[in-house]
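Listed below are the residues making up each chain.
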Amino acid sequence: MNTERAEKLFLAIGGVTEALVSEAEQPGEPREKRPLRWLAMAAVFALVAGAVYLLPVIGIGGNAGGAGISGDSAAPGATVFMSYAGPVLPLTVVDGPDGLPADREVSWDFATPGETGSRDFYQVTVTDSTTIRNDGAEDLTITVGYPVTADLRTEGESLPSLTADGKALKASLLWGDAKEGKEEEPMWSAPRLESWEDVRILLEDGSCLENAQKEAPALEQTVTVWELTDSVAPDTGKGAPTLGVSFQLDEEKTQVFTYGFNGGEFGEDGTRRYSYFVPRQQDRDSRRLLIFLGEVPEGYIMEGYEDGGCEKVLEGVSAQMSAFTTTLGELLDQLVEEGREEFRRLEEMKTAVRRQMDRFLSKGRRQYDDFLLEDHLSLALVSTRVVWTTAEVTIPAGERVTITARYQKEPSFDYACAKTENQGLYGFDLGTRLGSNLAFGRITARLENTQGVEIVREDFGFRQTAGGWEAEVASSQEHCAIEVRRAPSPPAG
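The sections below set out a description of the structure shown in this document.

Cut-offs applied
- Residues numbered from 1 in each chain as written.
- Predicted model: local features only at pLDDT ≥ 70, side-chain atom pairs only at ≥ 80, totals over all residues.
- Heavy atoms only, no water.
- Helix = DSSP H or I, 4+ residues; strand = E, 2+ residues; numbered from the N terminus.
- Expected span 1.5 Å × (residues − 1).
- Buried < 20%, exposed > 50% of the residue type's maximum accessible area, 1.4 Å probe, protein only.
- Contact = heavy atoms within 4.5 Å.
- Salt bridge = Lys/Arg side-chain N within 4 Å of Asp/Glu carboxyl O.
- Phe/Tyr/Trp six-rings, centres within 6.5 Å; stacked < 30°, edge-to-face > 60°.
- Lys NZ or Arg CZ within 6 Å of the ring centre and 35° of its normal.
- Core = buried A, V, L, I, M, F, W, Y, C linked by side-chain atoms within 4.5 Å.

So, about helix 5 (residues 346-362). The terminal C-alpha atoms of helix 5 lie 24 Å apart, and with 17 residues this matches the ideal 24 Å at 1.5 Å per residue to within 8%. For helix 5, the complete set of buried residues consists of Leu346, Met349, Lys350, Ala352, Val353, Arg354, Arg355, Gln356, Met357, Arg359 and Phe360. For helix 5, the secondary structure elements touched by its buried residues are strand 10 (172-175), helix 3 (207-212), strand 13 (254-259), helix 4 (328-338), helix 6 (373-382) and strand 19 (385-395).

Right, here's the structure in full:
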């Protein structure tokens with residue numbers, strides 16, 4: 001999880017109480033209509049980007065007279081952190097021949113200060129230089145790509161800048177797909193890269209980079225949209241006035257998505273009721289959409305209720321209903337456009353949303369049926385993925401060019417509130433060749449400005465040199481990790 005944007009989940013429980021949930025789980029008395037099975041769509045989780053920092057309580061900084069890195073540098077098994085920041089990954093050739101010979105030097109510079117105050121945390125500057133050799137008789141122009149793990153909110157120095165022999169390159173970004181969620185995970189659970197193994201699975205067959213270069217799926221399926229506007233309700237001074245829309249459908253022929261709705265009920269006979277809290281005046285511009293993929297219900301019943309339980313009818317609750325048809329892709333693009341204040345990378349967001357929906361639909365109905373499109377947009381925004389910073393480089397015949405990526409890298413860590421034994425421990429790791437088509441020879445790893453930093457464990461094989469700490473890593477060693485913490489201050493006097 002990006003420590004600058006750790007999400008806080010809020011349970012939207014307006015009008016839904018524990019007593020109501022308990023009551024809904026019990027068999028009720030028959031009504032005039034067939035009883036409906038209540039689903040807790042009104043109690044969905046809302047992803048609130050950047051709402052809270054869940055950061056370890058520790059700082060970085062050189063202690064006066066500190067001895068630099070110290071500690072046991074044996075090669076233990078790496079810690080599995082609660083928040084995995086992703087590895088430093090190797091450069092690859094996106095457009096050009098495979099197998100070009102290359103050497104690599106990567107450094108972690110601990111001189112970069114973290115935030116001030118009680119939420120200090122390690123943040124380092126990564127400098128990753130790859131020297132590619134052209135042994136051919138002609139100049140070679142290639143497109144290179146440098147990957148990092150990120151999400152669609154990542155910006156600034158957390159994304160690499162690229163230079164070639166010290167000269168800045170004009171770069172663009174290729175955004176890969178997020179990993180697929182597990183079958184048992186709820187639909188609103190954002191897929192995250194939680195370990196090195198997750199990253200390895202995502203990148204090892206090359207399909208992630210290949211798909212990142214493709215156009216977004218068209219999603220030309222026609223959808224019919226019912227839109228509710230001009231919602232009104234009497235001022236009762238209590239409860240949460242709710243508007244419900246009921247209809248019947250054939251679940252084998254129709255798939256329903258919603259936007260702006262809070263709750264829903266499914267009857268065994270195909271009866272559905274979707275509902276939303278009638279908004280206050282300042283919120284009445286929010287869109288309320290029922291989207292039908294497949295057959296459209298022949299009619300509907302609109303009715304008001306005192307609260308989200310939709311048990312007690314309330315007169316005077318109403319809205320205007322209109323209908324239109326469009327394609328699924330066009331509708332998703334429109335919703336992204338309307339969220340432009342939150343979705344700053346509009347085109348990338350549109351592509352991610354379309355790809356995600358295409359993947360969901362290809363999986364069949366499962367848990368992806370009947371979910372809120374707000375959740376779908378949030379998933380695309382916050383899901384961790386791999387993004388490649390790409391640029392074109394020309395290597396003269398018989399010569400070599402050094403491409404350097406430089407960026408700020410956050411650590412893997414355990415949340416302070418979890419009070420685990422790993423408090424104050426920070427992890428960084430390296431992928432030597434994963435996802436790269438270069439033929440690496442020498443790979444050198446370095447730690448710089450390490451005053452006040454203590455190695456707890458590592459399997460690079462670092463040794464102390466005049467310039468810091470250095471290790472030669474065999475390209476056959478696919479993955480290396482280091483865990484550090486702040487070194488104890490020397491005793492006074």
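We now examine the pattern of salt bridges. Applying the stated criterion to the full structure yields 23 salt bridges. In this structure, Glu204 engages Arg200 in a salt bridge whose closest nitrogen and oxygen atoms are separated by 2.5 Å. Several salt bridges converge on common partners, so that one network encompasses Glu105, Arg446, Arg463 and Glu470.

A few words now on the packing of aromatic side chains. Summed over all chains, the structure comprises 11 aromatic pairs. Ring centres of Trp226 and Phe292 lie 4.7 Å apart, and the angle between their planes is 65°; on these two criteria the pair is classed as edge-to-face. In this pair, Trp226 is assigned in strand 11 (residues 222-232) and Phe292 in strand 16 (residues 288-294), connecting sequence segments 66 residues apart. Exposure remark for Phe292: the relative accessible area of 0% places this residue in the buried category. Between Trp226 and Tyr300, the aromatic rings sit 5.3 Å apart at their centres with planes inclined by 55°, giving tilted as the arrangement. Of this pair, Trp226 sits in strand 11 while Tyr300 is found in the loop between strand 16 and strand 17 (301-305), placing the two residues 74 residues apart along the sequence. The buried category is assigned to Trp226, whose relative accessible area is 6%. By relative accessible area, which is 38% here, Tyr300 ends up partly exposed. Between the NZ or CZ atom of Arg272 and the centre of the ring of Phe266, over which it lies, the distance is 4.3 Å.

Trp108, Ile132, Ile291, Met349 and Phe460 are the most contacted members of the largest nonpolar core, which totals 77 residues. In this view, Met349 contacts Leu152, Val336, Phe343, Leu377, Ala380 and Leu381; residues no more than four positions away in its chain are not counted. By size, the runner-up hydrophobic cluster in this structure holds 17 residues, among which are Val256, Phe261, Val278 and Leu314.

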